[in-house]
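# Descriptive structure summary
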Amino acid sequence: MEERHWNSLPEMFFAQAERFGARPFLFHKQDGIYVGTTWKEAADRSLRLAAGLSRLGVGPGDRIVLVSENRPEWLIADMAIMSLGAITVPAYTTNTVDDHRHVLTDSAAKGVLVSTERLAGNVVAAIRQAPSVEFIASMEKLGIMDLSSKVQGMTIDTLETDERTETVREGLARLKRDDLACIIYTSGTGGTPKGVMLHHGAILHNCSGALDALDQLGIGDDRFLSFLPLSHSYEHMAGQFFPIAAGAQIYYAESVETLISNLAEVQPTIMTAVPRLYETMHQRITRGVAKQGGVKELLFHMALNLGIKRYMTGGRLSMTERLLDALVDKLVRDKVRGRFGGQLKALVSGGAPLNPDIGLFFTALGLRILQGYGQTESAPVISVNRPNSPRIETVGPPIINTEVRIAEDGEILCRGELVMKGYWNNDEATAEAIRDGWLHTGDIGVIDPDGHLRITDRKKDIIVNSGGDNVAPQRVEGIISVEPEIAQAMVYGDKRPHLVALLVPDQAWLEEWCRGNGKNADMSKLGNDPELHAALAQVIDRVNSSLSSIEKVRRFMVAEEPFSIENEEMTPTMKVRRHKVRARYGNALEALYR
C-alpha cells in the first residue's frame, strides 16, 4: 500500500482520519455486540479532549499517565496528550499502588487519565504520594474519591471542549519526529522498571518497517483484534499505530478469557500475540484431538505430518501425499483456521522467544506464523520474518532502514531511528545501553548467511554452570513447556554443577491425574507427593533425551501455584519475572543440590 511520510504520530492519525472520514475504525463491545466509532468521530473526540487538557495547563513536555483497559478511549486519550506536545506515560492495569507510585513520581506526572472505578482505587492511593499530580480524569464516572485539595477530579466527558480545537490543530505542525511521544516503563523482569523514552520517529520508523515487511500480504482493508496491554510497546505499536498507518480497523477484545469467542466474532486478518498464547492454543488443540481419538485423531496427525514435511522440503510432496494433503486441508486445517476466525493472513509472534516446535505446529496446520524480535528500547520491532519466506527458527531479517550487527561477545546491536532517546532520569543506564549510536540489546544471537537473525538467549539470563559452560535457560524451558503435562517451567543453576527446574503442571492434566489417583488437585499440597513426582519425572526423562548433557535437568520441584500476573511472577505480557520467582523459591531450589 501507499506509504506516506509523517512528522509525528498525531499528524499521521489526523491525516488518516481526514482520508477515511466516516469509515468505521474502532470497535468495542456494548450490550453484547461490537459497536463502531468512525475515524472522524475518534479524531473529533481527540481534539476536544486535547483542548480540555490544554485548558488544565497541559502543554509540551508534560507527562500524563494513562491507566486503562484496551478500549477506544485509550487511543483517543493517547492522541489528545501527544497532540499538545505532551508525553503519554502508559501504566499497566495490573499495577499495584507501589507500581503506580513509582511511575507517577519517577515521571513527575502532571495528571492521570484512568478508565474505571476499579482501576482508580490503586491510582488514587498512589497519587497521595505523588506531589507533582494536579488532576485525575476518568473515562467512566467514579464514586467519591479521597483526593487532596490540590488535585482536581473530573470525567473526560466534562473535560472535552470545542474551544481551542483549532489551536490544537495548528500546534500539530510544530511537532517533530525527534520529539518525545511516550515514556514506557519496562515490565520489570529483572528488577525496578525503567522509563524508556520513545520519540515519534522511533514508532513511525516501526510503522514503516511493518508496512514494508507485511506488504506481501496485501495490507489495507484489515481487521486487528487488540488484546495485549496497550501499555506494552509491542501492542502500542503493532496493535494501535500500525493499524492507523495501514488504515485498518481495530477491534478491542473484551478480555483474554473471551479471546476465543472474540476471534470468531471479529474474524481478524492480522493478529499479534505473545508465545504464551500460542502455547496455550497448542495445548488446547492437542488435548482436544487426543480426547476425540479414532479417525479424527488419525486425520489430525496426518495433516500435521504432511504440513511439517511440506515446510521442511519446500513443498516437495509425492502425488499421493499432495492428494491427502488437499483432503486434510479441508477436513482438519479449515477447522483449526476457524478457531482463529477463518480470515487470518498471518499470526505475528513477539515479546518473547517462540519455541520453533510451536511455530512449526501452526504452520503445518495451515496458519502462517511470523516471528519477530525487538524490545521496548527499539519501539519495539527490530526484525520480523517475511510472509513469502518465513524461517520459523529465526526472527527474520531486520526491518527497513535498520542496522543490526553481532558484537564480539555475541550480543545483538542495532542502530537507526527506532532506537530510544534513553532512559528517563537514568543517564547511567542510558550510557550502558546506547554506545556510539548502537543499542546494546542484552540478547545473544547470530545472523544467518541469508540475513535472518537467530536469537539464542538473553545475555543477562544465561546460566554459567560451575564447569564454565553457558546454558540458555529459555531454550530448555521452552522444550519442557511443550510437553502436554507442563504449563510453565523455570530452570535454575547459575554457578552450580547442573540444572534443576521449577515446574507448574498443566491444570487440565493435573486434574485428570488426580482423579485417577484419588487426590485433590491442589498444587500447594502436592509439591512433595511422591506419585506426582514420579509421573513428572517421566516427563523430564523424555525432555532430557533431546537435550545435551549440560542442558539436562537433574532434579526438579513443583511450584505452589502457577506463575501469574496476580502473584507478580509474570509480567502483563506473560514473561516470567525470574527475580520474583527466585526470591520465592530460591532456598528450595538450592536445597535440590543437597
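Quick look at the structure, then. The model shown is predicted, which means the values in this text are computed figures rather than measured ones. (Residues numbered from 1 in each chain as written. Predicted model: local features only at pLDDT ≥ 70, side-chain atom pairs only at ≥ 80, totals over all residues. Heavy atoms only, no water.)

## Overview of the environment of T376
Its place among the elements puts T376 in the loop between strand 14 (369–374) and strand 15 (381–384). By relative accessible area, T376 is classed as buried at 12%. In sequence terms T376 and G195 are 181 residues apart; their C-alpha atoms lie 9.7 Å from each other. Dropping the residues within four chain positions of it, T376 is found in contact with I184, V196, L198 and S233. Only 3.3 Å separates the side chain of T376 from the side chain of S233, close enough to count as a polar contact. (Helix = DSSP H or I, 4+ residues; strand = E, 2+ residues; numbered from the N terminus. Buried < 20%, exposed > 50% of the residue type's maximum accessible area, 1.4 Å probe, protein only. Contact = heavy atoms within 4.5 Å. Polar contact = N/O pair within 3.5 Å; in protein donor to acceptor, adjacent residues only side chain to side chain.)

## Observations concerning the pairing of strand 13 (residues 346–349)
Covered by surrounding structure in strand 13 are A346 and V348 together with L347 and S349, the residues of both alternating faces. Note: strand 12 (residues 270–273) against strand 13, four bridges, orientation parallel. Paired with I270 across the two strands is A346, which belongs to strand 13. Sheet topology places strand 13 next to strand 14; three bridges connect them, and they run parallel. (Pairing = 2+ DSSP bridges.)

## Quick notes on the sheet that holds strand 25 (residues 499–505)
A sheet is described by the order of its strands in space; here three strands give the open sequence 24-25-26, paired in mixed fashion. Two strands close off the open sheet at either side, each with one partner strand: strand 24 (486–492) and strand 26 (553–558). Strand-to-strand twist of the sheet, defined as the mean angle between neighbouring strand axes without regard to direction, takes the value 30°. In terms of strand pairing, strand 24 meets strand 25 through six bridges, oriented antiparallel. Looking at the pairing, M490 lines up with L502 of strand 25. (Axes fitted to C-alpha atoms, helices over the stretch in contact; angles between N-to-C directions.)

## Remarks on the packing of helix 17 (residues 507–516) against helix 19 (residues 530–544)
It is at 12 Å that the axes of helix 17 and helix 19 come closest, and there the two elements cross at 130°. As summarised for this structure, helix 17 and helix 19 are arranged oblique, according to the angle between their axes. In terms of crossing hand, the pair formed by helix 17 and helix 19 is right-handed. Together, W509, L510 and W513 of helix 17 and E531, L532, A535 and L536 of helix 19 make up the contact between the two elements. Residues that form the contact of helix 17 with helix 19 fall into these classes: six nonpolar, no polar and one charged. (Parallel < 35°, antiparallel > 145°, perpendicular 65-115°, else oblique. Left-handed = near helix turned anticlockwise from the far one by under 90°. Nonpolar A, V, L, I, M, F, W, Y, C, P; charged D, E, K, R; others polar.)

## Side note on the packing of aromatic side chains
For the structure on display, the rule yields 12 aromatic pairs. Centroid distance Y34 to Y251: 5.3 Å. Interplanar angle 80°. Geometry classified as edge-to-face. Linking Y34 in strand 2 (residues 33–38) with Y251 in strand 11 (residues 249–252), this pair joins segments that are 217 residues apart in sequence. Taken together through their ring pairs, the aromatic side chains of F13, F14, F20, F25 and W39 make up a single cluster. Lying over the aromatic face of Y423, K194 brings its terminal NZ or CZ to 5.0 Å of the ring centre. A cation over a ring is seen here: R496 above Y593, with NZ or CZ 4.3 Å from the ring centre. (Phe/Tyr/Trp six-rings, centres within 6.5 Å; stacked < 30°, edge-to-face > 60°. Lys NZ or Arg CZ within 6 Å of the ring centre and 35° of its normal.)

## A short note on a nonpolar patch on the surface
On the surface, a nonpolar cluster with roughly 230 Å² of combined accessible area is contributed by L324, L327 and L331. In this structure, L331 sits in helix 13 (residues 319–339). (Patch = residues over 30% accessible without salt bridge, like charges linked within 9 Å, V, L, I, M, F, W, Y side chains within 5 Å. Areas by Shrake-Rupley, 256 points an atom, 1.4 Å probe, with all protein chains shown as cover. Salt bridge = Lys/Arg side-chain N within 4 Å of Asp/Glu carboxyl O.)

## Points about the packing of helix 12 (residues 294–312) against helix 14 (residues 356–364)
Contact pair helix 12 / helix 14: the axes reach a minimum separation of 8 Å and the direction vectors enclose 105°. In terms of axis orientation, helix 12 runs roughly perpendicular to helix 14. Residue-level inspection shows F300, A303, L304, G307, I308, R310 and Y311 of helix 12 in contact with helix 14, the latter providing L360, F361, T363 and A364. Partitioning the contact of helix 12 with helix 14 into residue classes produces eight nonpolar, two polar and one charged.

## Looking at the nonpolar core
Of all hydrophobic cores here, the largest spans 128 residues; its most connected members are F13 and L53. Look past the residues within four positions of L53 in its chain and what remains in contact with it is V58, A80, I81, L84, L113, F135 and L159. In this structure, M523, L526, F556 and L592 belong to the second largest nonpolar core, which totals 41 residues. (Core = buried A, V, L, I, M, F, W, Y, C linked by side-chain atoms within 4.5 Å.)

## Quick look at the pattern of salt bridges
Following the criterion strictly, the structure yields 39 salt bridges and no others. Here D98 makes a salt bridge to R101, at a shortest N to O gap of 3.9 Å. Note that D98 and R101 are positioned in helix 4 (residues 97–107) at a spacing of three residues, about one turn of the helix. On the basis of relative accessibility, which here comes to 47%, the residue D98 falls in the partly exposed class.

## Some words on helix 17
Residues of helix 17 that are buried: L510, W513 and C514. Mapping the buried residues of helix 17 onto a view down its axis gives an arc of 100°, with all of them on the same face. Exposed residues pointing more than 90 degrees away from the buried face of helix 17 are listed as R515 and G516. Tucked into the core, helix 17 has its buried residues touching strand 25, helix 18 (523–526) and helix 19. Here helix 17 starts with a cap whose side-chain oxygen sits 3.3 Å from the backbone nitrogen of A508, and that cap is D506. The positive-phi residue at the C-terminal boundary of helix 17 is G518, with phi of around 65°. (Arc of directions from axis to C-beta.)

## Section: unusual backbone geometry
Residue P380 is reached from A379 by a cis peptide bond, and omega for that bond is -5°. Of note, A108 is a non-glycine position whose phi angle comes to about 50°, a positive value. Mapped onto the elements, A108 comes out in the loop between helix 4 and strand 5 (111–114). We classify A108 as partly exposed; its relative accessible area is 33%. For N425, which is not a glycine, the phi torsion comes out positive at approximately 60°.

## Here's the deal with the environment of K421
Assignment of secondary structure puts K421 in the loop between strand 17 (411–415) and strand 18 (422–423). For K421, a relative accessible area of 36% corresponds to the partly exposed category. K421 sits 241 residues away from L180 along the chain, and the two C-alpha atoms are 8.1 Å apart. Side-chain polar atoms of K421 contact the side chain of D178, separated by 2.9 Å.

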